[in-house]
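# Structure at a glance
So the chains spell out like this:
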Amino acid sequence: MEKIEITTAEPEQARLVLQDAIERHKRLLAQSLARTHARIQELAAQLQVDPDLLLAGKVPHAEAQDMDLLELEGELEILRHLREQISVLERLSLCP
């Protein structure tokens, strides 16, 4: 693992502030993840498509549903990005 160094006159306070910020960001990401997942479920049910098949390119984009399918694809990309961010934060550790 790589290390990032921060120079400060008050290391203990800085560590607490950073830890709090990381935890707060994890909570916000978890909330966003839940909302995005719910939106994906809603769109998938409405469009009657399997999101995994859509991502695999196996769902034809009928003209009448094209914009809705693009929205679903966008939500799936947001979900992937949120999961990636949470994963990065989960692997962080603050050294004393």
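What comes next is a walk through the structure. (Residues numbered from 1 in each chain as written. Predicted model: local features only at pLDDT ≥ 70, side-chain atom pairs only at ≥ 80, totals over all residues. Heavy atoms only, no water.)

### Focus on the pattern of salt bridges
Within the structure shown, the criterion is met by seven salt bridges. A salt bridge links Arg 15 to Glu 12, with the nearest nitrogen and oxygen atoms 2.8 Å apart. Pair noted here: Arg 15 and Glu 12 are both in helix 1 (residues 11-47), with a separation of three residues, about one helical turn. Among the residues examined, Arg 15 registers a relative accessible area of 29% and is labelled partly exposed. Of the charged contacts in the structure, one is a salt bridge between Arg 39 and Glu 42, with a shortest N-O distance of 2.6 Å. Of the two residues, Arg 39 and Glu 42 are both situated in helix 1; the distance of three residues between them amounts to about one turn of the helix. Looking at Glu 42, the relative accessible area reads 46%, which means it is partly exposed. It is possible to trace a salt-bridge network through shared partners that takes in Arg 39, Glu 42 and Glu 71. (Salt bridge = Lys/Arg side-chain N within 4 Å of Asp/Glu carboxyl O. Helix = DSSP H or I, 4+ residues; strand = E, 2+ residues; numbered from the N terminus. Buried < 20%, exposed > 50% of the residue type's maximum accessible area, 1.4 Å probe, protein only.)

### Some words on a nonpolar patch on the surface
A contiguous nonpolar patch, built from Ile 4, Ile 6, Leu 18 and Leu 94 and spanning about 390 Å² of accessible area, is present on the exposed surface. Take Ile 6: it is sitting in the segment before helix 1. On the basis of relative accessibility, which here comes to 53%, the residue Ile 6 falls in the exposed class. (Patch = residues over 30% accessible without salt bridge, like charges linked within 9 Å, V, L, I, M, F, W, Y side chains within 5 Å. Areas by Shrake-Rupley, 256 points an atom, 1.4 Å probe, with all protein chains shown as cover.)

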